[in-house]
Amino acid sequence: MADRFLVTKELGRLCRWLRVLGYDAEYFEEDLKRIFLVAFNQGRTIVTKDSKVPDSKEVRIIRIKNNNLKEQIKELQNILKLKFEKNNIFIRCVECNLPVVEILKSRAKERVPPYVFKTQKSFSQCPKCKRLFWKATHFQNLKEFLRGVRS
């Protein structure tokens, strides 16, 4: 997965969803004067709805037109030919954007509800914020959501 994004503040929800889908998506809240420097130095594509972001020859910019999340994802998918691979879903922390690391199930026991511990086989953790992740109903909900994006 080579696509790396720098997403402006008005697309925060899209940024989180790109992370859920396994893409490296940084949320940019700083002064727009720095956006090109950050994108260039980190090899990122700027994704924005902000009309104040000028065109650039050095950095790729994708201007999102839709307000609806599914339509925004479709736009990116059409422009970049993004693939939503099952193996890449939920591999990044939605908060920190770092790849999550699988942990021993025993290390999650005191941190999750008993039912979750009993019914889930594997757990992952963000190395930075220590948030835990597991594939439960949200995994099935995501598959349903993506069916709507593909249609």
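Residues numbered from 1 in each chain as written. Predicted model: local features only at pLDDT ≥ 70, side-chain atom pairs only at ≥ 80, totals over all residues. Heavy atoms only, no water.

1. Brief notes about the sheet that holds strand β1 (residues 4-8)
Pairing in this open sheet of four strands is parallel, and the strands run β2-β1-β3-β4 from one edge to the other. The sheet is open, and its two edges are formed by β2 (24-28) and β4 (61-63), each paired on a single side. Neighbour to neighbour, the strand axes of the sheet diverge by 25° on average, direction disregarded. Note that β1 and β2 share five bridges and pair parallel. By the bridge assignment, R4 is partnered in β2 with D24. The sheet strands contacting helix α2 (residues 35-42) are β1, β2, β3 (45-48) and β4, and the helix crosses β1 at an angle near 165°. (Pairing = 2+ DSSP bridges. Helix = DSSP H or I, 4+ residues; strand = E, 2+ residues; numbered from the N terminus. Axes fitted to C-alpha atoms, helices over the stretch in contact; angles between N-to-C directions. Contact = heavy atoms within 4.5 Å.)

2. Focus on the side chain of E75
Relative to the helices and strands, E75 is located in helix α3 (residues 69-80). One buried charged side chain, E75, makes no salt bridge at all; its nearest oppositely charged neighbour is K65, positioned 4.8 Å away. Setting aside anything within four residues of it in sequence, one finds E75 in contact with R63, I64, K65 and N66. (Buried < 20%, exposed > 50% of the residue type's maximum accessible area, 1.4 Å probe, protein only. Lys, Arg positive; Asp, Glu negative; His and termini not counted. Salt bridge = Lys/Arg side-chain N within 4 Å of Asp/Glu carboxyl O.)

3. Regarding the packing of aromatic side chains
Evaluated as defined, the whole model comprises three aromatic pairs. Look at F117 and F123: their rings are 6.5 Å apart centre to centre, the planes differ by 15°, and that puts the pair in the stacked class. Comparing F117 with F123, the two get one shared label, buried. Positioned above the aromatic ring of F117 is the side chain of K105, whose terminal nitrogen or guanidinium carbon lies 4.9 Å from the ring centre. (Phe/Tyr/Trp six-rings, centres within 6.5 Å; stacked < 30°, edge-to-face > 60°. Lys NZ or Arg CZ within 6 Å of the ring centre and 35° of its normal.)

The analysis is restricted to geometry; functional conclusions fall outside its scope.
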